[in-house]
Amino acid sequence: MVRSPSATSDEASIPATLYVVPTIPQVLDGQTILITGGAGFVGTALLYRLVASDIKPKRVYTVIRGGNPISRLPVDLHPFVATRLDDGSFSDAPIVILAGDCFLPDFGLTGRDARCLKEVEIVIHTAGDTRFTLPLSQAMHAIADLGVAMCQFTIASLRVRTHIHLSTTFTGWYQENGAVVLEELVPELDQSVQAQDHANTYLHAKSITEGLVNAIARPQAGRPKSKINWRVVRLATVGPAVAFPYPGYGAGSPSSPVCSAIAAEVVTSANYCLNSELDGMDPRAPIPMALLDSLDCKLAEPYVPAKNLLRAYSPMICKVVKFDNSRTLALLGLAPVSKAPRYNVDPFYGLTVPVSDGCIDTTGFEVDLQKSVDAVGGWKVYLQTVRDRMEVMAEPASADAHVD
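Residues numbered from 1 in each chain as written. Predicted model: local features only at pLDDT ≥ 70, side-chain atom pairs only at ≥ 80, totals over all residues. Heavy atoms only, no water.

## Brief notes about the overall build of the chain
The following threshold applies: Elements are defined by DSSP. Helices are runs of H or I of four residues or more, strands are runs of E of two residues or more, and each kind is numbered from the N terminus. Between two residues, a contact is recorded if the distance between any of their heavy atoms is within 4.5 Å. We get accessible surface area from the Shrake-Rupley algorithm with a probe of 1.4 Å; when it comes to residues, only the shown protein chains can shield them.
A count of helices and strands for the chain gives 14 helices and 8 strands. In the chain, once contacts between residues fewer than 6 apart in sequence are set aside, the share between residues at least 24 apart is 70%. Carbon and sulfur atoms provide 57% of the accessible area of the chain, an area that totals close to 21,600 Å².

## Considering the confidence of the model for the chain
Condition: Each residue gets a pLDDT score, which is the predictor's confidence in that residue and runs from 0 to 100.
Counting all residues, the mean pLDDT for the chain is 74, and 66% of those residues have values of 70 or more. Note that pLDDT drops below 50 for residues 1-19; the model gives that stretch 22 contacts with residues more than four away or on any other chain.

## Overview of the pattern of salt bridges
For clarity, the threshold we go by: A pairing counts as a salt bridge when a side-chain nitrogen of Lys or Arg comes within 4 Å of a carboxyl oxygen of Asp or Glu. Residue burial is assigned from relative accessible area. The probe radius is 1.4 Å, only protein chains are included, and a residue is buried under 20% of its type maximum, exposed over 50%, and partly exposed in between.
Overall, the coordinates contain 4 salt bridges when judged by the stated rule. The salt bridge partner of Glu366 is Arg49, with a shortest N-O separation of 2.8 Å. Of the two residues, Glu366 sits in the loop between helix 11 (326-331) and helix 12 (369-375) while Arg49 sits in helix 3 (residues 41-51), which places them 317 residues apart along the sequence. Overall, the relative accessible area of 36% leaves Glu366 in the partly exposed class. The residue Arg84 makes a salt bridge to Asp113 at a minimum N-O spacing of 3.0 Å. One end of the pair, Arg84, is in the loop between strand 2 (59-64) and strand 3 (95-99); the other, Asp113, is in helix 4 (residues 111-116), with 29 residues separating them in the sequence. For Asp113, a relative accessible area of 14% gives the class buried.

## A look at the sheet that holds strand 1 (residues 32-36)
We count it as follows: For two strands to be treated as a pair, DSSP must find at least two bridges joining them. Note on definitions: angles span 0 to 180 degrees between N-to-C directions of axes, and those axes are lines fitted to C-alpha atoms, for helices only across the stretch in contact.
Reading across the sheet, the 6 strands line up as 3-2-1-4-5-7 and stay open at both edges, with parallel pairing between neighbours. Two strands lie at the open edges of the sheet, namely strand 3 and strand 7 (229-235), each paired on one side alone. The sheet shows a mean angle of 20° between the axes of neighbouring strands, direction not considered. Where strand 4 (residues 122-125) lies against strand 5 (residues 162-168), 4 bridges are found, and the strand directions are parallel. Within the sheet, the bridge partner assigned to Ile122 lies in strand 5 and is Thr162.

## A few points about the environment of Ala142
With respect to the helices, strands and loops of the structure, Ala142 is situated in helix 5 (residues 136-156). For the pair Ala142 and Thr130, spaced 12 residues apart in the sequence, the C-alpha separation amounts to 9.1 Å. Not counting residues up to four positions away in its chain, the partners in contact with Ala142 are Phe103, Gly128 and Asp129.

## Thoughts on helix 5
Condition: To estimate the expected span of a helix, count its residues, drop one, and scale the result by 1.5 Å.
In this model, helix 5 (21 residues) spans 29 Å end to end at C-alpha, consistent with the 30 Å of a helix rising 1.5 Å per residue. Among all positions of helix 5, only Ala139, Ala142, Ile143, Ala144, Leu146, Gly147, Met150, Cys151, Phe153 and Thr154 are buried. Those residues of helix 5 hidden inside the fold are in contact with strand 1, strand 4, strand 5, helix 6 (201-217) and strand 7.

Structure follows, in structure tokens:
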């Protein structure tokens, strides 16, 4: 949050014109950034935004597992990836892939690669397992343990000054039906909240991880005030790009609910001929989404195991939790700042800074979804573009994989 001109008595005498809200490129230009989960759906989109727009970071490091990590990135990004030179250093391309594992100490890196991490000034943590059906122990390991490990990395780093933890807007789903989740720190989970109150293990682990990140970041007695800017950013449901880098970018990812819905729409009964709910249909005809999404059809074999389906989705269908995003809308300039609520949060958990300054300068960024969709011809054109890209990129079994 940009400081208010009246933040302190000393600052009150400084002309207000000095408090100019910087643009996003100005904040990130010349910075050395570490992105975890760089091969994921959000991570690849973030990499593209950092290297293929007006932002000019000094270097972007990303830690990716596997023997050939570059193969896990979209080919669109390959021209931006640095190559290793004979002396072990890297070429001048902005993205440096470090073959490591975020779960290991120092990411499992040694030598020159390990020293690269000492240059990092901004950490953006996007890594995690997004499956809804993991046992809670596995979800906690993949999300909470990893989130804490990244906080520890940031604290131990000499140069990191900003730590951004990516969470989800669906934290708080454990609250009562009809509750409103505010854009503030998630309250500590008291003993009355049971595991079954959460929609699924993914959201359960995400909620707990927010509390852990806050517990690590907040000032405590006997510990000096942190020089690190800690941020929790909650993402909503994500889908292929509307505009940048081009309409439909990211259409090949099964992590996108948009892609899954489109894939489901084109699945024919021939793919699921053993499903009793689809008997008698023309095998060449697409299965209507309403039928494919019906409970009877979902529970019939061989769609998905019923226990996994119910565990993952029933709580999200049977309970409605609303989200107040007026704060974000105000910061993006899409709603009057005066309408953004000033939340009162127990100081024990930390304070949410009220929206008191001008909105973030988002020049060059598509922050108004409807305006961006209208610019490409409307929702029908956008969804058709995504469908076309999926068909071009997909392997024959891709539609089945999306639905599964």
